[in-house]
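The primary structure of each chain is shown beneath.
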Amino acid sequence: QSLSGGQAGDSKLARAGRAGRVGSRAGRVIRIIRIVRLIRIVKLYKHAVETSHIERQHSLVGVGPGETLYVQDPEVDKHTDVEKGGLLSDEGDGLELEPQSRVGKKLSELTTRRVIILVLVMILALQMFNTEQWTTTSNSGEYGLYTLTEYSRSAELDATFNATHQEAYDRSVIAYVEYHKKNGLFGLADYLFFVELPREVIYNELGGLEAPSEILGPDAVKDGVSIVDDLDKPEDLRSQEQDLYTASACYTDMQSPSLGMPAVPVEVCLSSTAVFDKRAQSQLSAALNMGRTMFICLVLALSAMFFSKDANELVLNPIERMIGKMEKIRENPLVAAKMGEEDFREEEEDDAQ
């Protein structure tokens, strides 16, 4: 019985040992299965992250599914394509496209919008600072002077002393002075104040126009006369405050050099001068130039202020708030939970709005 009892005990121990070995092998198999599952989970997570990164890059550069993006590297002069399953990186020939941050995109949009508005305002507003917008000028001063000089030559060449040529000349002189004089019918900004005629005016009234008394007589031909009260001669004004026009007309006349000598052809030239006062236009131009300068300075100052405001709101102020929060957390780490609740509450309020 003792022998049979010992054999029974040995068989129980053998079965227990086999069961323990089976259990240990099962435990190792389970651990291997868990490791394999963990590796598979890590691979799935990595694939999900890469897929999300690829889709974000495609959305940034505007590439749809199945399309190909070609990026050229200026250093190697090659092309690398980015397809649905590919990534842009510095390891190959392609260039990595860094996604634009939300702050950078917002700041870029605001800057572009403000620059466009600034350019449009400058284009539209600067036109108001031109002298031509506020004054009426005429270019007839030189042409009219040349015309009356030609009429004077016709009168000089009239050997029959026909009054028609003299009347035409006088009428052109009177019309020229009436058109360009100060406070005339057309209200020109640059008005005539000094004139030197090539020939004396005889008729003081023609066609309802009356000649000013200053241009009547030989003084207007010899030295020139002023037709205003506050100026006497062109030297009273600076060169920037006056416009001077001259005209000349020459003809050939038969003249005898001395008594008893035969007549020889001699070239005779008639000249005329007109000086216009443009002080009012110069003063207006100076005032408009000052206004233009002040306007540009104001626009640039406002632009700089708006650009600085955008940069502060989108970049500097968030950084300063973050630094302040980090200082509070460094002093008391328990504040972080409270800050997180406050930030979460603010996000919910913003989403509700």
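Chemist: Outline the overall build of the protein, listing residues and values.
Modeler: Tallying secondary structure elements over the protein gives seven helices and eight strands in all. Taking all 353 residues of the protein together, 23% fall into the buried category. Long-range pairs, those at least 24 residues apart, make up 66% of the contacts in the protein with a sequence separation of at least 6. Surface exposure of the protein reaches about 24,900 Å², of which carbon and sulfur atoms provide 57%.

Chemist: How would you explain the environment of Asp253 if you had to name every residue and give the values?
Modeler: Take Asp253: it is sitting in strand 7 (residues 242-255). By relative accessible area, Asp253 is classed as partly exposed at 28%. A C-alpha to C-alpha distance of 8.3 Å links Asp253 and Leu157, two positions 96 residues apart in sequence. Discounting residues that sit within four places of it in the chain, Asp253 has contacts with Val264, Pro265, Val266 and Val268.

Chemist: Talk me through the state of the cysteines; I want residue IDs and the actual numbers.
Modeler: What the rule picks out here adds up to one disulfide. The disulfide partner of Cys250 is Cys269, and the S-S distance across this bridge is 2.0 Å. Around the S-S axis, the bridge from Cys250 to Cys269 shows a dihedral of about 100° and counts as right-handed. Of this pair, Cys250 sits in strand 7 while Cys269 sits in strand 8 (residues 264-277), placing them 19 residues apart in sequence.

Chemist: Could you give me a rundown of the nonpolar core, with the residues and numbers involved?
Modeler: Counting 26 residues, the largest nonpolar core has Val173, Tyr176, Leu192, Phe193, Leu197, Ile215 and Ile227 as the members making the most contacts within it. Contributing elements (two or more residues each) for this core: helix 3 (140-157), helix 4 (163-180), strand 3 (191-196) and strand 8. Leu118, Ala125, Phe129 and Phe295 belong to the second-largest nonpolar core, a separate cluster that totals six residues.

Chemist: Hey, could you go over the packing of aromatic side chains for me, with residue numbers and the actual values?
Modeler: In total, this model carries two aromatic pairs according to the counting rule given. Aromatic pair Phe129 and Phe295: ring centres 5.7 Å apart, planes at 35°, arrangement tilted. Placement of Phe129 in the loop between helix 2 (102-126) and helix 3 and of Phe295 in helix 6 (residues 279-331) is noted, with a sequence separation of 166 residues between them. Overall, the relative accessible area of 17% leaves Phe129 in the buried class.

Chemist: For helix 2, give the residues involved together with the corresponding values.
Modeler: Its 25 residues give helix 2 an end-to-end C-alpha distance of 36 Å, which sits within 8% of 36 Å, the value for a rise of 1.5 Å per residue. Where helix 2 is concerned, the buried positions are Leu110, Leu118, Met122 and Ala125. Buried residues in helix 2 make contact with helix 6.

Rules of the game
The numbers attached to residues start from 1 for each chain and follow its sequence in the written order. Selection of residues for local features in this predicted model requires a pLDDT of at least 70, selection of side-chain atom pairs for listing and counting requires 80 or more, and totals for whole chains, interfaces and linings are taken over all residues. Side-chain descriptors were evaluated using all non-hydrogen atoms of the structure, hydrogens and water having been removed beforehand. Runs of E in the DSSP output that reach at least two residues are strands. Runs of H or I that reach at least four are helices, and both are numbered from the N terminus. Burial classes: relative accessible area under 20% of the type maximum marks a residue as buried, over 50% as exposed, and values in between as partly exposed (1.4 Å probe, protein chains only). Throughout, a contact is declared for two residues whenever any of their heavy atoms are within 4.5 Å. Here the Shrake-Rupley method, with its probe set to 1.4 Å, supplies the accessible areas, and only the displayed protein chains count as covering residues. Put simply, a disulfide is two cysteine sulfurs that come within 2.5 Å. Definition used in this section: a nonpolar core is a set of buried Ala, Val, Leu, Ile, Met, Phe, Trp, Tyr and Cys residues joined via side-chain atoms within 4.5 Å. Here a pair means two rings of Phe, Tyr or Trp (six-membered ring of Trp) with centres within 6.5 Å. Their orientation is stacked below 30 degrees between planes, edge-to-face above 60, and tilted elsewhere. In this analysis, the expected span of each helix is defined as 1.5 Å times one less than the number of residues it contains.

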